[in-house]
Each structure stands twice: as C-alpha cells, then as structure tokens.
Amino acid sequence: MEITDVRVTKLGVELEEPKRTSAGREFDFRPAAIVTVETDEGVTGIGEGYGPNPHVVETVVEEKYRPRLLGEDPRDRERLWDDMLILDTYWDRKGQGVAAASGVDMALWDLAGKYYDEPLYRLLGGDVGGEGSVEAYASDLFWDDPEVMAERAGGYADRGFSAVKAHLGRGLEADERRVEAMTEAIGDAHLMVDVNCGYERADALRVGKMLDRHGVYWYEEPLSPYDVEGHAHLRRKLDTPIATGENEYTKWGFRELFEAGAVDYAMPDAMRCGGITETKKICATAAAFNVTCTPHSYTTGVGLLATLHLLASTPNCEWLEFDVTEFPLLEAVYAEPLEVSDGRVSLPTTPGLGVELTEEVVDEYGIE
Ligand SMILES: [Mg+2]
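Residues numbered from 1 in each chain as written. Predicted model: local features only at pLDDT ≥ 70, side-chain atom pairs only at ≥ 80, totals over all residues. Heavy atoms only, no water.

**Looking at the sheet that holds strand β1 (residues 3–20)**
In space, the 3 strands of this open sheet follow the order β1-β2-β3, with antiparallel pairing throughout. Edge positions in the sheet fall to β1 and β3 (44–48), since each has one partner strand and no second. Strand after strand, the sheet turns through a mean of 20° between neighbouring axes, direction not considered. Here strand β2 (residues 26–39) pairs with β3 via 5 bridges, running antiparallel. Looking at the pairing, E38 lines up with T44 of β3. In the packing of helix α1 (residues 54–69) onto the sheet, the strands contacted are β1 and β2, and the crossing angle to β1 comes to about 165°. (Pairing = 2+ DSSP bridges. Helix = DSSP H or I, 4+ residues; strand = E, 2+ residues; numbered from the N terminus. Axes fitted to C-alpha atoms, helices over the stretch in contact; angles between N-to-C directions. Contact = heavy atoms within 4.5 Å.)

Listed below in structure tokens is the structure:
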C-alpha cells in the first residue's frame, strides 16, 4: 500500500458570542485543519492538527511533509513520524510544525483502523476500563458573570456530568465570586479551574490558596508554560492538583515537567504534541513518574474522537474533555452518533477514528 496524496482542508466557524478566558483574552472564531491521507488501495485516513492557524498547518503539511510521505507505506507510522520530525538539520521541536505532523500521524492511525477493520482503541491497547465507555467532564464554561457561569455549570451537572471545567483568571476576588457561585450550583460534582497561563507566580499562589479553600479538583495552566519551576513551586505549596501540558510538545518536553515535579495531571493534546503516536509515549513516560494524564481536547469531532480512543486504551488516563458548547464541527464529522449518558461517552464501533469529512461539511464550513 502506498500513500498517493496528503492534503489539508481548512474549516472554521464564526461563534455567536465571543468566548472569554483569562487576562482579558477572548475569541469568536474556531478554525480547524483536517488532514486527509489517500492511498492506492482506496483506504483514506483523516486527522486533525491544531496549530492553531490552519493556513500554517496546511503549508507545513503540503510543502514540507507531503513530499516525504508520497509513495511510502502508511502502515509504517513510527518511521514516517521520524521522517517528519527527526531527520532535519533544523528541527521543528515545538509549535506548529509538530502540530502539523500530529494531524498527519492521526490520519495514519485512522487509516490503519480502517485497513485492519477495527475501531482505533482496539489497535491502541483495547478498552482499559472494560466498560465500553469513559467518564467525561463538561468543557468549557467560559468567563461571564457569576450567575451566568453558575447557571451553566448547574445545567451541565443536571445533564449527568460529574465534573465541569470553567475558565477564570481575572483576579482573586472576581475568580472567587465565580468559584463560590459554581460550586454551589453543581452540588457534588467537581469543579476544574483553567486560567490559561493568566497569572504571574505571586497571584497564581494567592488564587491557588483560594481554590484550596473551595476544594477545586484541579488548577489548570496557572502560569506561563515556560515557567516549569513555577508550576513545581505551586505544586509544593498547594493542595489543589496542578494540571498543565496543552502547550507542551513531545515526550522530551513532557519529561522536563515530570522531572521537575511540576504537574499532577499532564494534558498532552494529540492534535498538537506529536499525534497519537507521541501521546501514547507521553502517557507511558508519565506513568514512569506516577503522573496521571488527562489529554487535552478542544477541536473538532476528529480530535475529540482521537482523544476518546487514546483515553480508552491508556491505563494512566482519566477524564475525557468533552466539548459541550454549541459547535457544529463535532456532530458533523461523526460517522455514527456519539452516545453520551450519565457523563460517560461510549466507545465508537466504526473502524478507525469513526469520523468522515463530507462534501456538505466542506461546502458549509470550508475557509480560504
Ligand atoms: Mg486549558
């Protein structure tokens, strides 16, 4: 079997209202880069690379990786990973070059699942929990007035989710008002707090102590991803577990977090950190440091299903990040409807990831 084409389809959705995160940040557009790998045997793979700029992912995939992949056997995933990321004089060690390779790697795994006629989690280690489903948390609850965030959080808990994640990071008092409102609204459910790298060390510690008082489940990206020692410092000072990793790349990058004792919940993003191949290795590296992984996922249904297959098949993984916002590029790419019940998501039965990219979706959401 030979690869005959590798290309990127750029998609995007204008949001009805901007989504607000920490430190005044907000966004009102969600882009996606979907990688398609075609073969001479008619089997096709689909993956997603989140750069996040889809134009950059497209250029890197089509200009840099495509010439190296044409004519190769798509089943040789490890060798092709090295061909993309290891063999250069000037390496893409982090960032959009790795994200672009992640999309190709994911497409190769989807293709393998279809070729071997198995849903992907069966090729990755099978159903670790043995229940045919994984526990999910509701993501994401964006910054808003306390009563609005509380009402939304309560709604997710009422839908059966046993954990809800909220974006804070705009000052101690403002954050605490929202934590109080949300914890009251969700009852016994857990609250995760994500501040998207929004604080410097002193404020991060003050806010972390506030989260300790309210029993928050984890404190995500409190600091710049460059401040590895800062995360380790917070972890020593706080009871609330530290989660981070959506801005880290490859097993070598994550090893620095683990060696520094900087993280309780490692969050590799398979659309960014090196694909499914590398996420499995990051999780194995984490296991050697007794760190739990909770893969990050905030992309289309392609990335969400890849994350679901990874989580189902990897022993030291917990909590599927399940996008509960109004976002049409989730259901629009599922090959079969996703079953969600009592906060658990069932494993797909379709071979590969269980996704498809139809002409209707490209017509409606394709961007130039
Ligand atoms: Mg996050």
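**Things to note about the coordination of the magnesium ion**
Protein coordination at the magnesium ion comes from D194 (OD), E220 (OE) and E246 (OE), with a distance range of 2.0 to 2.2 Å. Coordination of the magnesium ion draws on donor residues from a single chain, spaced D-x25-E-x25-E in sequence. Residue D194 is located in strand β6 (residues 190–194), and its partner E220 is located in strand β7 (residues 218–220); the two are separated by 26 residues in the primary sequence. (Donors = N, O, S within 2.8 Å, 3.2 Å for Na, K, Ca; no water.)

**Considering empty space enclosed by the protein**
Within the structure shown, the criterion is met by 1 cavity of 30 Å³ or more. Volume-wise, the largest cavity comes out at about 50 Å³. Looking at the largest cavity, the residues that line it are E221, P225, H231, T244, G245, N247, E248 and L257. Across the lining of the largest cavity, the residue classes break down as 2 nonpolar, 4 polar and 2 charged. (1 Å grid on protein atoms, 1.4 Å probe; cavity = no way out; pocket = protein on both sides within 12 Å on 5 of 7 lines; lining within 4 Å. Points joined across faces, edges and corners; volume = space filled by probe spheres on them. Nonpolar A, V, L, I, M, F, W, Y, C, P; charged D, E, K, R; others polar.)

**What about the domain arrangement of the chain?**
Per the domain assignment, the segments making up the chain are domain 1 (3–117 + 359–365) and domain 2 (121–346). A straight line from the C-alpha centre of domain 1 to that of domain 2 covers 23 Å. Buried area between domain 1 and domain 2, summed over both chains or domains, comes out near 3300 Å², and the portion from carbon and sulfur atoms is 62%. At the boundary of domain 1 and domain 2, one finds 4 salt bridges. A salt bridge links D323 to R30, with the nearest nitrogen and oxygen atoms 3.0 Å apart. At the junction of domain 1 with domain 2, the criterion picks out 25 residue pairs in polar contact (both at pLDDT 80 or more). Within the residue set of the side of domain 1 that touches domain 2, elements represented by two or more residues are β1, β2, β3, α2 (77–85), α3 (96–115) and α12 (359–365). Looking at which element gives the most residues to the side of domain 1 that touches domain 2, the answer is α3, with 8 residues. Of the residues that constitute the side of domain 1 that touches domain 2, the class distribution is 19 nonpolar, 9 polar and 11 charged. (Domains from an automatic or database assignment. Buried area = accessible area lost by both parts, 1.4 Å probe. Salt bridge = Lys/Arg side-chain N within 4 Å of Asp/Glu carboxyl O. Polar contact = N/O pair within 3.5 Å; in protein donor to acceptor, adjacent residues only side chain to side chain.)

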